[in-house]
Amino acid sequence: MSDTATGPVSKRVFVDKQSPKAYHALVETAEAVRAVAADAGLDRTLVELINVRVSQINGCAYCLNVHTRAALRVGETTQRLGVLAAWRDTELFTARERAALALAEATTEPANAVVQERSYDAARQVLTGDEISAVIWVAITINAFNRVSVMSKHPVRGIPQQ
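Description of the structure in this document. Since this is a predicted model, take the numbers as computed values, not measurements. (Residues numbered from 1 in each chain as written. Predicted model: local features only at pLDDT ≥ 70, side-chain atom pairs only at ≥ 80, totals over all residues. Heavy atoms only, no water.)

Quick word on the state of the cysteines
Argument step 1. Evaluated as defined, the whole model comprises zero disulfides.
Argument step 2. Here Cys60 stays unpaired: no disulfide links it, and the sulfur of Cys63, its closest cysteine neighbor, is 3.4 Å away.
Argument step 3. We classify Cys60 as buried; its relative accessible area is 2%.
Argument step 4. Look at Cys63 and you get buried, because its relative accessible area is 5%. (Disulfide = S-S within 2.5 Å. Buried < 20%, exposed > 50% of the residue type's maximum accessible area, 1.4 Å probe, protein only.)

Written out as structure tokens, the structure reads:
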């Protein structure tokens, strides 16, 4: 990677552009998962909280940019988005949201079986089977998009100040 007048030049392949059929299949999966989440009764705000939290864990700047803006568009507050990385330390999230966030985190980092079981058990207390399935699918899908963007080094461009 070398620097230019506008910043570093990436030598990464944008895998979404290089393999468009695979990427379009992932987009179709995301559309199906969005429908599953809606059918299960997960509101769009919770879906976007999951997308943002998983993207925080994965360090995906591109998806954080996209889903933070989407969360704001559907009514999420800047306060809750600002403390989302430390959601366990606040009283800003409902029991349902807390269960969904814990389950999404366990889906993102599944190697810790104790945390996974604890998160799943907690989710069972406040979420239906359909909601649990939807949360897991939302987390799986955003994890896939995170990996596409992280490995491609998709850029985050600034929005002009007004």
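A look at helix H6 (residues 95–108)
Residue pairs spaced three or four apart in an α-helix point in one direction, given the helix's 3.6 residues per turn.
Argument step 1. Taking 1.5 Å as the rise per residue, H6 with 14 residues should run 20 Å; its terminal C-alpha atoms sit 20 Å apart, in good agreement.
Argument step 2. Taken together, the buried positions of H6 are occupied by Glu97, Ala99, Ala100, Leu101, Ala102, Leu103, Ala104, Glu105, Ala106 and Thr108.
Argument step 3. On its buried face, H6 is in contact with helix H3 (44–58), helix H5 (78–83), helix H7 (113–126) and helix H8 (129–152). (Helix = DSSP H or I, 4+ residues; strand = E, 2+ residues; numbered from the N terminus. Expected span 1.5 Å × (residues − 1). Contact = heavy atoms within 4.5 Å.)

Topic: the nonpolar core
Argument step 1. Grouped together as the largest cluster of nonpolar side chains are 26 residues, with contacts concentrated most on Leu42, Ile50, Leu127 and Val135.
Argument step 2. When residues of this core are traced back to their parent elements, those giving at least two are helix H2 (20–40), H3, H6 and H8.
Argument step 3. With eight residues, the single largest contributor to this core is H8.
Argument step 4. Beyond its immediate stretch of four places on either side in the chain, Leu42 contacts Ala37, Val47, Arg96, Glu131, Ala134 and Val135.
Argument step 5. If you look at the next biggest cluster of nonpolar residues, it comprises nine residues, including Val52, Leu81, Phe93 and Leu101. (Core = buried A, V, L, I, M, F, W, Y, C linked by side-chain atoms within 4.5 Å.)

So, the packing of aromatic side chains
Argument step 1. Summed over the entire model, instances satisfying the criterion amount to one aromatic pair.
Argument step 2. Consider the rings of Tyr23 and Phe145, whose centres lie 6.0 Å apart with planes at 85°: the pair is edge-to-face. With Tyr23 in helix H2 and Phe145 in helix H8, the pair connects residues that are 122 residues apart, well separated along the chain.
Argument step 3. What makes Phe145 buried here is its relative accessible area of 16%. (Phe/Tyr/Trp six-rings, centres within 6.5 Å; stacked < 30°, edge-to-face > 60°.)

Observations concerning unusual backbone geometry
Argument step 1. The residue Lys153 is not glycine, and still its phi comes out positive at about 55°.
Argument step 2. In this fold, Lys153 is placed in the segment after H8.

Observations regarding the packing of H3 against H6
Argument step 1. Direction vectors running N to C along H3 and H6 enclose 40°, while the axes themselves pass 10 Å from each other. Classified by chirality, the crossing of H6 by H3 is right-handed. Where H3 approaches H6, its residues Leu46, Leu49, Ile50, Arg53, Val54, Ile57 and Asn58 are matched on the opposing element by Arg96, Glu97, Ala100, Leu101, Ala104, Glu105 and Thr108. (Axes fitted to C-alpha atoms, helices over the stretch in contact; angles between N-to-C directions. Left-handed = near helix turned anticlockwise from the far one by under 90°.)

Regarding helix H4 (residues 61–73)
Argument step 1. Look at H4: 18 Å from first C-alpha to last across 13 residues, which is about the 18 Å you get at 1.5 Å a residue.
Argument step 2. When we look at burial in H4, the residues that qualify are Cys63, His67, Ala70 and Ala71. Seen end-on, H4 carries its buried residues on one side only, within an arc spanning 100°.
Argument step 3. Buried residues along H4 sit against H3, H5 and H8.
Argument step 4. Once H4 ends, the next one or two residues include Gly75, with phi positive near 105°. (Arc of directions from axis to C-beta.)

Describing the packing of H7 against H8
Argument step 1. Between H7 and H8, the shortest axis-to-axis distance is 9 Å and the interhelical angle comes to 135°. Considering their axes alone, H7 and H8 lie oblique with respect to each other. Where H7 crosses over H8, the handedness of that crossing is right-handed. For the pair H7 and H8, contact is made by Tyr120, Ala123, Arg124 and Val126 and by Gly129, Glu131, Ile132 and Ile136, respectively.
Argument step 2. For the contact of H7 with H8, the class distribution of residues is five nonpolar, one polar and two charged. (Parallel < 35°, antiparallel > 145°, perpendicular 65-115°, else oblique. Nonpolar A, V, L, I, M, F, W, Y, C, P; charged D, E, K, R; others polar.)

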